Structures are given as C-alpha cells and as structure tokens.
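# Results of the structural survey
These are the residues of each chain, in order.
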Amino acid sequence: MTTKQKDIIKGVFYGQAIGDALGLGTEFLDKKQIAEFYPRGFSHYSQIVQDKHRSRWQIGAWTDDTDQFLCICDAILSTKNVDETAFAKELFKWFQGSPMGVGMTVLKVVTLPQFTLYPHKASHLVWKITNGKNAANGAIMRTSILGTWDFTNLENVQRNTENIAKVTHWDARCVGSCVIISVIIAELLSNNKLLTAQEIITIADAYDERIKPYVELAQNENIETLNLDEPQAIGYTLKAMASALWACFHAPDFATGILKVINEGGDADTNAAVAGSLLGAKFGFSSIPEMYVCDLANKAVLEDKFEKYVQLLQTENKKNG
C-alpha cells in the first residue's frame, strides 16, 4: 500500500465522521431555518445550536451514520472478510446499546426475529411490506468503507457493497447508490482515477433507471437544484448520493464541498457523511482542515479503528500479493 493510498483511506474514515458530526448542525433544518440558527454562517462544531435534537450529542460527536460505518469496520476486523451475517451481528449489538438515532428502516429490520441469522430475508420482507417504495438513505450513509476493501477488484467491491447494503435496505436504488460511492472510491485508490458522470450512469443503469436523473442533477454547478431540504424527500438515498456526487464534481477542496452540502440542510449529517467520504477519498486526509480533525469528539476511537483496519489491509495484501 502506498502512502497516497493510505492517505485516501484515512480521508474516507475521517471525511465520513467529520461530515456526520458537522452535518448534525443543520440536520432536519431548511435553508430559512439555517439562516435563523446561524446568521453568521455555519462552519464549525462549536457553533452547533443546542436545541432539543442536537443537545443529545456531545459537541463534535458523530451520529448513527458513522456508528454503522464502524460496525462494518468491526465486522471486517473480526472476520478478515466482508460478510453480511457478521455485519448484521455487529449492527444488532450496536442497536442493543440503545443508540440515540436509528432510522425507521433499520429499526424495522433489526427487530425482526432471527435477523442476525437471515439479514437479507429480513430486509427483503420489510421492503415488500412497503410495496417496494422504501428507498431511504440508511445504507448509503455507512457503506463508503467498502470502497477501500479489496479495492483493486471492482467486482468484489460491487458484490461486497450489495451484500452489506441489503442487510437493511433491499431497494435497487439503495443498493445502486451505495455501489456508485464505493466504486468511485475504489477507482481513486486503485487507478487514481475519478469516474466520469457517464461511467457513473452506466453503473446506475444496471440497478435502477431512477438513479440516472440524480447523477445528471449533480452535474449542475448550482447545488440548490438538488433541493436537499425538500421536506418529503430529505431521507431519500438518491438525494444523499447526488449531494456527494455534486461535491465530488464541483468542490475545489474538502472544506468548501462539505460546507456547501451542510448549508443546504435536509438530512445534512447523512448527506455530509457520504460527501465527506468521497471528498476525503478525492483530496486525501492531508487536505482536511486540522480544526475539523482535532476538534472531532472521540477522535481516538476513530484513529484506533483506522490503524487496525489499515494494518489488516496491508497484511491481507501481502498474503494475496
């Protein structure tokens, strides 16, 4: 593993957590409310208004988005592989710890009997109950790490991402949007190449025709066209994907991209977690402003997970190389 590759992987870890922790500041707010909450603009954890929702978290702490990202990490560390049942067990263990935030789709799936034995069956059942209409962002918020595992084999990246997304989110839009983010990261790691919009659309079309319009929207230089604070659709997986793609296509650096996404409101912690992981991959950990890294709550936990994960990656690469 090269120094640059390690910097990219660390960028994914920290970009995810920082985007999540910063995004909490505008989560569930529309742009008018953001202007009222932060009349001088929002750019740091210390500004986060301590209302009823946000005061539940320590300043600078990440939410369930990164908790679940780390559940995937822990499952990989314990099995040295990507395995849906191992992840389901980690997810259920996390859920039993009474986390402060759990999405409705995840809640419905993990509380079904024998979820840890048959996670895909549980996920598919919940999706069928909604008549195939549920495409929430609870999978895309956690799966960027899968772009860093076995990253030289894009077929494995795709398969691994599908299997982990489907543990809770069966819909093809959820799965396809997760795969897009993972494959972009894997391409940056293995080939130092950023996928074009057309290459992303080719991936999207293999999953669901409804993904393509959101990839096209992300090409627009004006982020407002994404309507990220649209009340009835803030938790839509394709909104999260599009916000991350927009940042990847247009932002000149990590901080500019993450703050543009966050200040659009909506499900801002999830949008920024996904955007942060992509921006971290594109620009590397070394590009992330020091204040965001130093002031991140529980930074020691994240650093420990990252170091163990990279050590495992290097060990596995030597075995296979």
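Residues numbered from 1 in each chain as written. Predicted model: local features only at pLDDT ≥ 70, side-chain atom pairs only at ≥ 80, totals over all residues. Heavy atoms only, no water.

## Remarks on the overall build of the protein chain
What the protein chain contains, in helices and strands, is 15 helices and zero strands. Its C-alpha atoms put the protein chain at 55 × 45 × 40 Å along the principal axes. For the protein chain, with 321 residues in total, the buried portion stands at 56%. Across the protein chain, every contact between residues at least 6 apart in sequence was considered, and the portion connecting residues at least 24 apart equals 75%. (Helix = DSSP H or I, 4+ residues; strand = E, 2+ residues; numbered from the N terminus. Buried < 20%, exposed > 50% of the residue type's maximum accessible area, 1.4 Å probe, protein only. Contact = heavy atoms within 4.5 Å.)

## Considering the environment of Asp-65
Residue placement: Asp-65 occurs in helix 3 (residues 64-79). Given the relative accessible area of 1%, Asp-65 is considered buried. Looking at Asp-65, its side chain comes within polar contact range of the side chain of Thr-63, at 2.9 Å. (Polar contact = N/O pair within 3.5 Å; in protein donor to acceptor, adjacent residues only side chain to side chain.)

## Regarding the layout of surface pockets
Of the pockets and cavities examined, the largest pocket occupies roughly 470 Å³. Lining the largest pocket are 26 residues, and of these Val-102, Gly-103, Met-104, Asn-137 and Asp-267 lie nearest its centre. Those elements that place two or more of their residues in the lining of the largest pocket are helix 3, helix 5 (104-110) and helix 13 (268-283). Top element by residues in the lining of the largest pocket is helix 5. It accounts for three residues. Taken together, the residues of the lining of the largest pocket sort by class into nine nonpolar, 11 polar and six charged. Space inside the second largest pocket adds up to approximately 300 Å³. In terms of residue count, the dominant contributor to the lining of the second largest pocket is helix 3 (five residues). (1 Å grid on protein atoms, 1.4 Å probe; cavity = no way out; pocket = protein on both sides within 12 Å on 5 of 7 lines; lining within 4 Å. Points joined across faces, edges and corners; volume = space filled by probe spheres on them. Nonpolar A, V, L, I, M, F, W, Y, C, P; charged D, E, K, R; others polar.)

## Quick look at the packing of aromatic side chains
For the structure shown, the criterion picks out 10 aromatic pairs. Seen from their ring centres, Tyr-45 and Tyr-292 are 6.1 Å apart, and the 75° between their planes marks the pair as edge-to-face. Residue Tyr-45 is found in the loop between helix 2 (31-37) and helix 3, and its partner Tyr-292 is found in helix 14 (residues 290-294); the two are separated by 247 residues along the sequence. Here the two residues Tyr-45 and Tyr-292 agree in accessibility, since each one is buried. Here Phe-92 and Phe-95 contribute two aromatic rings whose centre-to-centre distance is 6.4 Å and whose plane-to-plane angle is 35°, an arrangement assigned as tilted. Within this pair, Phe-92 and its partner Phe-95 are both found in helix 4 (residues 84-96), separated by three residues, close to a single helical turn. Taken together, the aromatic side chains of Phe-13, Phe-69, Trp-149, Phe-306 and Tyr-309 make up a single cluster linked through ring pairs. In this structure, Lys-121 packs its charged tip against the face of Tyr-118, placed 4.9 Å from the ring centre. Between the NZ or CZ atom of Lys-166 and the centre of the ring of Trp-170, over which it lies, the distance is 4.7 Å. (Phe/Tyr/Trp six-rings, centres within 6.5 Å; stacked < 30°, edge-to-face > 60°. Lys NZ or Arg CZ within 6 Å of the ring centre and 35° of its normal.)

## Here's the deal with the side chain of Glu-187
Examined against the element boundaries, Glu-187 turns out to sit in helix 8 (residues 172-191). Although buried, Glu-187 forms no salt bridge, and the nearest oppositely charged side chain, Lys-193, lies 4.8 Å from it. Beyond its immediate sequence surroundings of up to four residues, Glu-187 is in contact with Leu-154, Asn-192, Lys-193 and Leu-195. (Lys, Arg positive; Asp, Glu negative; His and termini not counted. Salt bridge = Lys/Arg side-chain N within 4 Å of Asp/Glu carboxyl O.)

## Here we look at the nonpolar core
Most often, soluble globular proteins have nonpolar side chains that are buried together. Of all hydrophobic cores here, the largest spans 104 residues; its most connected members are Phe-13 and Ile-18. In terms of residue count, helix 8 provides more of this core than any other element does, 12 residues in total. Discounting chain neighbours no more than four positions away, the residues touching Phe-13 are Phe-69, Cys-73, Ile-145, Leu-302, Lys-305, Phe-306 and Tyr-309. (Core = buried A, V, L, I, M, F, W, Y, C linked by side-chain atoms within 4.5 Å.)

## Side note on unusual backbone geometry
The backbone of Phe-28 shows a phi angle near 70°, a positive value even though the residue is not glycine. Checked against the element boundaries, Phe-28 lands in the loop between helix 1 (3-23) and helix 2. Relative accessible area serves as the criterion here: at 48%, Phe-28 is assigned to the partly exposed category. One non-glycine residue, Ser-98, lies in the positive phi region at around 55°. Residue position: Ser-98 is located in the loop between helix 4 and helix 5.

## A closer look at the packing of helix 12 (residues 254-262) against helix 13
For the pair helix 12 and helix 13, interaxial distance at closest approach is 9 Å and the crossing angle is 165°. Between helix 12 and helix 13, the crossing angle belongs to the class labelled roughly antiparallel. Our pair here, helix 12 against helix 13, has a crossing hand that is right-handed. In contact with Phe-254, Gly-257, Ile-258, Val-261 and Ile-262 of helix 12, helix 13 contributes Ala-268, Asn-271, Ala-272, Ala-275, Gly-276, Leu-279, Gly-280 and Phe-283. Of the residues in the contact of helix 12 with helix 13, the class split is nine nonpolar, four polar and no charged. (Axes fitted to C-alpha atoms, helices over the stretch in contact; angles between N-to-C directions. Parallel < 35°, antiparallel > 145°, perpendicular 65-115°, else oblique. Left-handed = near helix turned anticlockwise from the far one by under 90°.)

## Brief notes about the environment of Met-141
Inspection of the secondary structure assignment puts Met-141 in the loop between helix 6 (119-129) and helix 7 (154-165). Expressed as a C-alpha distance, the spacing of Met-141 and Val-106, which sit 35 residues apart in the sequence, is 12 Å. Excluding residues within four positions of it along the chain, Met-141 makes contact with Gln-16, Asp-64, Asp-65, Gln-68, Thr-270, Ala-273 and Val-274.

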